[in-house]
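# A look at the structure
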Amino acid sequence: MTQIITQVDAFTAKPFGGNPAAVCIMTQPAEEKWMQNVAAEMNLAETAFLFRQDDGFNLRWFTPAVEVDLCGHATLASSHVLWEAGHLAETETARFYTKSGLLTATRQADGWIEMNFPALSANETIPPEGLLEALNAANTVRFVGLSRHDYLVELEDESAVLALKPDITALKKVETRGVIVTSRASRAGFDCVSRFFAPAAGIDEDPVTGSAHCVLATYWCGKLGKASLQAYQASARGGVLGLRLEGDRVMLKGQAVTVLRGELLTGQA
């Protein structure tokens, strides 16, 4: 059975920016090995697989190497495809059953998509052996914390974040899903900037990472005394996110654009 697969650039309003994700909407569950093979074939940071379940959709995310528990940009891409392809009316809320619980997304009047994600904290910790050396940033570090998924490292300013040239081979040896490197923003209109590295998950540097902002929202809202933020992920492609903290939840806002749609000719769904 052929399967439609759509490539979407997430957290951007323009093609070839933000973070690309593949979205495959299936009629029934597929074998995990098949989904992992498809994700490896697509070779994007994430490939999302969905099928209808009760009042929503079952959603799983795969990098080219592993399945992950939480992914923001592929959820944004999935929501975008559901509305664009007519699986949901534009006024309907997208409901996703995931390994991180129920996630929802709504389409705003201005075309932005707002997702309801769990707020995650990073507790201050002693850096594990090799982390700061791999980042080549020891002299500019202000804080190191550990969240449910990742290490969070704050540097002294935006220029230090932009100039960062980590040793990816060494960073891959650090036992963690990924490393969020951040600072307060110096560019106009933004509160914080970040970069995200996850070589152990098959992603040397992720263009835009929604799940990392579940931590960044908590961290920077606390530091800056604000309930909402504008965030910029300073990868080569770049990405813009709106963040709003509501208790134990983070509202992540972003835009998305479809760049490719095709048929997957080998499938189980």
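Structural data are supplied above this passage.
These remarks concern the structure in this document.

This next bit is on the overall build of the chain. For the chain, the helix and strand inventory stands at six helices and 18 strands. Relative to the 2.2 N^0.38 estimate, which gives 18 Å for 269 residues, the radius of gyration of the chain is 18 Å and therefore close to what a compact globule would have. C-alpha atoms of the chain, sized along the principal axes, occupy 55 × 40 × 30 Å. Taken as a whole, the chain presents about 11,500 Å² of accessible surface, with 47% of it coming from carbon and sulfur.

Once that is clear, we can look at the pairing of strand β12 (residues 178-184). β12 sits mainly inside the fold: six of its seven residues count as buried. In this sheet, strand β13 (residues 192-198) lies alongside β12 in antiparallel orientation, the contact comprising six bridges. In the strand pairing of β13, Val181 is matched with Arg195.

Compared with an ideal rise of 1.5 Å per residue, which puts 13 residues at 18 Å, helix α6 (residues 212-224) spans 18 Å between its outermost C-alpha atoms and is within 8% of the ideal. What α6 keeps buried is the set Ala212, His213, Cys214, Val215, Leu216, Ala217, Tyr219, Trp220 and Cys221. A positive phi of about 65° marks Gly225, the residue just after α6.

As a further point, take unusual backbone geometry. The phi dihedral of Asn43 falls on the positive side, at around 60°, and the residue is not glycine. Position of Asn43 among the secondary structure elements: in the loop between α1 (32-42) and β3 (46-53). Its relative accessible area of 57% is what places Asn43 among the exposed residues. Even without glycine at this site, Asn136 takes up a positive phi of about 55°.

Looking now at the packing of aromatic side chains. Between two aromatic rings, the relevant description is the distance of the centres plus the angle of the planes. In this structure the tally under the stated criterion is five aromatic pairs. Arranged with centres 5.7 Å apart and planes meeting at 85°, the rings of Phe49 and Phe62 form a pair that is edge-to-face. Of this pair, Phe49 sits in strand β3 while Phe62 sits in strand β4 (residues 56-62), and the two are 13 residues apart along the sequence. A residue is classified by how much of its surface remains accessible, and Phe49, at 1% relative accessible area, is buried. With a centroid separation of 5.3 Å and 80° between ring planes, the pair formed by Tyr219 and Trp220 is classed as edge-to-face. For the pair Tyr219 and Trp220, a shared accessibility class is recorded, and that class is buried. Among the aromatic side chains, those forming a connected cluster through ring pairs are Trp34, Phe49 and Phe62.

All right, on to helix α2 (residues 72-84) then. Count 3.6 residues to each turn of an α-helix, and residues three or four apart come out pointing the same way. End to end, α2 covers 18 Å across 13 residues, agreeing with the expected 18 Å (1.5 Å per residue, within 8%). Extensive coverage of α2 is indicated by the burial of 12 of its 13 residues. Taken residue by residue, α2 has Gly72, His73, Ala74, Thr75, Leu76, Ala77, Ser78, Ser79, His80, Val81, Leu82 and Trp83 as its buried positions. Trailing α2 by a residue or two, Gly86 shows a phi angle of about 85°, which is positive.

Next up on the list: the environment of Arg177. Tracing the sequence through the fold places Arg177 in the loop between α5 (168-171) and β12. Considered as a pair, Arg177 and Val68 are 109 residues apart in the sequence and their alpha carbons are 8.8 Å apart. Setting aside residues no more than four positions away along its own chain, Arg177 makes contact with Leu70, His149, Asp150, Phe196, Ala198, Ala201, Ser211 and Ala212. A polar contact of 2.7 Å, which involves the side chain of Arg177, links it to the side chain of Asp150.

Attention shifts here to empty space enclosed by the protein. In this structure the tally under the stated criterion is two cavities of 30 Å³ or more. Put simply, the largest cavity is a space of about 110 Å³. As for the largest cavity, its lining consists of 17 residues, and the residues nearest its centre are Glu46, Arg177, Phe196, Asp206 and Thr209. Elements that contribute at least two residues to the lining of the largest cavity include exactly α2, β13 and β14 (203-206). Along the lines of polarity and charge, the residues of the lining of the largest cavity split into eight nonpolar, six polar and three charged. Its volume calculated, the second largest cavity comes out at about 30 Å³. In terms of lining residues, the second largest cavity is bounded by Leu171, Val174, Thr176, Arg177, Gly178, Val179, Phe197, Ala198, Pro199 and Ala200. For the lining of the second largest cavity, the secondary-structure elements that each account for two or more residues are β12 and β13. For the lining of the second largest cavity, the residue count by class is seven nonpolar, two polar and one charged.

Criteria and cut-off values
Residues numbered from 1 in each chain as written. Predicted model: local features only at pLDDT ≥ 70, side-chain atom pairs only at ≥ 80, totals over all residues. Heavy atoms only, no water. Helix = DSSP H or I, 4+ residues; strand = E, 2+ residues; numbered from the N terminus. Rg over C-alpha atoms; globule rule 2.2 N^0.38 Å. Areas by Shrake-Rupley, 256 points an atom, 1.4 Å probe, with all protein chains shown as cover. Buried < 20%, exposed > 50% of the residue type's maximum accessible area, 1.4 Å probe, protein only. Pairing = 2+ DSSP bridges. Expected span 1.5 Å × (residues − 1). Phe/Tyr/Trp six-rings, centres within 6.5 Å; stacked < 30°, edge-to-face > 60°. Contact = heavy atoms within 4.5 Å. Polar contact = N/O pair within 3.5 Å; in protein donor to acceptor, adjacent residues only side chain to side chain. 1 Å grid on protein atoms, 1.4 Å probe; cavity = no way out; pocket = protein on both sides within 12 Å on 5 of 7 lines; lining within 4 Å. Points joined across faces, edges and corners; volume = space filled by probe spheres on them. Nonpolar A, V, L, I, M, F, W, Y, C, P; charged D, E, K, R; others polar.

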